[in-house]
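Summary of the model geometry
The primary structure of each chain is shown beneath.
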Amino acid sequence: MAVSGQVTTAKLDSLLNLKTAQHAFNGTVLVAQNGKIILEKGYGFKNKKENLLNTANTLYQIGSITKQFTSAIILQLVATKKMTLQDKLSKYFHGYPGGDSITVEQLLTHTSGIYNYTNDGDFMRDRSEHPIARDSLLALFEYKPLDFSPGTKWSYSNSGYILLGMIIEKVTGKTYFRMVRENIFEPLGMWHSGFDFTHLKNANKATGYAGDLTMPVGIVDSSVSFAAGAIYTTVGDLYKWDRALYTNQIVDQALLQKAFTVYQSSYGYGWMINESYGKKTVQHGGGITGFASFILRVPGDQTCIIVLTNVASDAPSKISNEINAMFNGKTVDLPVERKEIIVDTQTMRKYVGEYELAPSFHIFITLENGLLQAQATGQGKNALFAEKDNFFFLKTVDAQVEFITGADGKTDHLVLYQNGQKMTAKKLGPEGLSPPAPVRKEISVDTNTLKKFIGEYELVPAFHIVITLENGALQAQATGQPKFTLYAEKTNFFFLKVVDAQLEFVSDPAGKTDHLILYQNGQQTEGKKIK
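Quick look at the structure, then. The structure presented is a predicted model; accordingly, all values stated were derived computationally and were not measured.

**Comments concerning helix α11 (residues 315-327)**
The end-to-end C-alpha distance of α11 is 18 Å, a good match for the 18 Å that 13 residues give at a rise of 1.5 Å each. Along α11, 10 of the 13 residues are buried, which leaves the element largely enclosed by surrounding structure. Of the residues flanking the end of α11, it is Gly-329, one or two places downstream, whose phi is positive at about 80°.

Next comes the structure, spelled out in structure tokens:
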């Protein structure tokens, strides 16, 4: 099934209902064009345990979309001549290391070189749900060495926006939260937006989940995410923000265009600027524990696509880009509505065994209580439901497994379909294997080999993994996430110790690293090397 032709409410609703049924989306979506809302609706569960559904009014944390509000306040202060974009950091933080060489504009554009405090995995894991004083927050990055000379490179830094929030407080004598509320939320009637999600008492508040709806997670305290990611809101309030950006109500258009100008790496002031189908787009995603968000705007035809979810995933960016493709006459494949059939036990026994999807990443198929069960290395079991005699689907995630028989009539391999990818796994062992607990052994890899893997890899638009080499170890950092150390199991295959995830680096015929493969949550996702 596919969607093509004119974008209508019914077509969008069909797409999102099917994604929800296939466990590929859980959240709220608003789609508008030329000032007319085409769809504004919630899908899935606001709170699974209590059977509460998402609606158009569900409240979500939006993480880094907060940055565009921070940049707007900075531009307001520039317009009233209370500060300039070229002010040095040292003007506001006397004695800040290197502060004489860092400008406000470099903080806005992620070109300051300041260490990103959310890279501190221990802090984010153990202390991010607790309030923190401004001085203590500043101490997380103030004396860290710069990643590069200010203005010479681009590297996403939440710390830069923390400093911008503190500068706003120093210039105005008001809290950052009060400034955003008085200067943006209240003038625009964004009455459902705020900051302290932890203590919010509201029936529309969503519960955040990690991975699926069985794992509720804690809330990052607003004092920790602050001016880099503390806002909670609704799709309707964000649409009011979108409409205001076409006027002079918040920031004069001439000055606002600086926010929509590329400085480095497709980034402006709290916005990513790209081109899609020959049209300029301004967009940004957000990720914070238990939540993800995306806003995609096409100023040329005033298209606005807002996708918010209370499940940690990349669904918002994927869905936003799919809907934008529909507006541009492209056909978008709909998730298939799958119907279960009964397959005899003798047929299912042929599929039992161990299959190698990648080195050190196998899928084990067992037969239990009349159902096939699939278990990937380091993951839980998932029941498989037959759509055809040799084609099965999962109900917990949008994934399917096809078993292929060889000329001898025996099962030769399986094909896993997930995230738009088709992955083959050769059958290895005899039937009836039990999955062993994964034990990964670390080896040493020489520095010259490690250097080949350094770079930036694009998994999906606006979601990249940056690989760096620090103190002899590779570090991986996904967009808006902390850095994690990689440990070598093979010379090109690495694993993380803080989460069950692995990265494989793949070289082209010339020996240069071409792409990586991320193995996580039973999924295999490729990321093309772009830098």
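So, next bit.
**Points about the side chain of Glu-105**
Relative to the assigned elements, Glu-105 resides in helix α3 (residues 104-108). There is no salt bridge for the buried Glu-105, and the closest opposite charge comes from Lys-258, which lies 4.3 Å off by N-O distance. Once residues within four sequence positions are removed from consideration, Glu-105 is found in contact with Leu-85, Gln-86, Lys-258, Tyr-263 and Tyr-269.

**What to know about the pairing of strand β28 (residues 513-520)**
When you tally the buried positions in β28, you get six out of eight residues, the bulk of the element. Taken together, the seven bridges between strand β27 (residues 501-507) and β28 define a ladder with antiparallel strand orientation. If you follow Glu-504 over to β28, its bridge partner there is Ile-517. Taken together, β27 and the strand that follows it, β28, pair antiparallel across an intervening segment of five residues, in which Gly-511 is found at a positive phi of about 90°. In the sheet, β28 pairs with strand β29 (residues 523-529) via six bridges, with the strands oriented antiparallel.

**Comments concerning the pattern of salt bridges**
Under the criterion given, the structure shown has 16 salt bridges. The salt bridge partner of Glu-182 is Arg-178, with a shortest N-O separation of 2.6 Å. Residue Glu-182 and its partner Arg-178 are both found in helix α7 (residues 176-188); the two are separated by four residues, about one turn of the helix. Classification of Glu-182 as partly exposed rests on a relative accessible area of 27%. With its nearest N and O atoms 2.6 Å apart, the salt bridge here joins Arg-297 to Asp-242. With a gap of 55 residues between them, Arg-297 in strand β10 (residues 291-298) and Asp-242 in helix α9 (residues 235-244) connect regions that are remote in the sequence. A residue is classified by how much of its surface remains accessible, and Asp-242, at 0% relative accessible area, is buried. Linked through salt bridges whose partners overlap, the residues forming this network are Asp-122, Arg-125 and Asp-126.

Each value, and the rule that gives it
- Residues numbered from 1 in each chain as written.
- Predicted model: local features only at pLDDT ≥ 70, side-chain atom pairs only at ≥ 80, totals over all residues.
- Heavy atoms only, no water.
- Helix = DSSP H or I, 4+ residues; strand = E, 2+ residues; numbered from the N terminus.
- Expected span 1.5 Å × (residues − 1).
- Buried < 20%, exposed > 50% of the residue type's maximum accessible area, 1.4 Å probe, protein only.
- Lys, Arg positive; Asp, Glu negative; His and termini not counted.
- Salt bridge = Lys/Arg side-chain N within 4 Å of Asp/Glu carboxyl O.
- Contact = heavy atoms within 4.5 Å.
- Pairing = 2+ DSSP bridges.

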